[in-house]
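# Results of the structural survey
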Amino acid sequence: MLSKTEERHLRHAIDLAINAEQEGNLPIGAVITLNDMMIAEGKNAIWFPEYNQNRHAEIEALRSVPNELWLKSGDMSLYTTLEPCLMCTGAILLHHIGRVVFGA
């Protein structure tokens, strides 16, 4: 069971996914939090604005984490609207993200 705060983070990821779909991409969104505060977000952008297979929502969120926060990556949570693919799972592990929550 998710707390109200966790539900809010997952809802924000869903809103990002809806926005991605409206832009012509796959409906996937991701949010990264630290101490229950959103610090980064990403949405799928593999087709638009230009074709790039690496622009998964989770990767976009990881790219937008401020550099000074990476020392606390074990305390971060990543909320995503779909179970991460193998590429994203590898990136999440390499970045030492402490927790992943996904919906489907």
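This write-up is about the structure you can find in this document. (Residues numbered from 1 in each chain as written. Predicted model: local features only at pLDDT ≥ 70, side-chain atom pairs only at ≥ 80, totals over all residues. Heavy atoms only, no water.)

The subject of this paragraph is the pattern of salt bridges. Pairing between side chains becomes possible if they bear opposite charge and their charged atoms approach one another. Here the structure, examined in full by the defined rule, presents four salt bridges. Between Arg 99 and Glu 6 there is a salt bridge, with its nearest N and O atoms 2.7 Å apart. Note that Arg 99 is positioned in strand 4 (residues 99–102) and Glu 6 in helix 1 (residues 4–22), a separation of 93 residues in sequence. Among the residues examined, Arg 99 registers a relative accessible area of 34% and is labelled partly exposed. Between Lys 43 and Glu 23 there is a salt bridge; the shortest N-O distance is 3.0 Å. Note that Lys 43 is positioned in strand 2 (residues 37–43) and Glu 23 in the loop between helix 1 and strand 1 (29–34), a separation of 20 residues in sequence. Salt bridges sharing common partners tie together Arg 55, Glu 60 and Arg 63. (Salt bridge = Lys/Arg side-chain N within 4 Å of Asp/Glu carboxyl O. Helix = DSSP H or I, 4+ residues; strand = E, 2+ residues; numbered from the N terminus. Buried < 20%, exposed > 50% of the residue type's maximum accessible area, 1.4 Å probe, protein only.)

Turning next to the pairing of strand 2. Sheet analysis places strand 1 next to strand 2, joined by six bridges and oriented antiparallel. Counterpart to Ala 30 in the pairing with strand 2 is Gly 42. Following strand 1, the chain reverses through two residues before pairing antiparallel with strand 2; Asn 35 in that reversal takes a positive phi of roughly 55 degrees. (Pairing = 2+ DSSP bridges.)

Our focus in this paragraph is the state of the cysteines. Enumeration over the complete set of coordinates arrives at zero disulfides. Looking at the unpaired Cys 85, the closest cysteine sulfur is the one in Cys 88, lying at 3.7 Å. Owing to a relative accessible area of 1%, Cys 88 belongs among the buried residues under this scheme. (Disulfide = S-S within 2.5 Å.)

So far we have only geometry, and geometry alone does not tell us how the molecule works.
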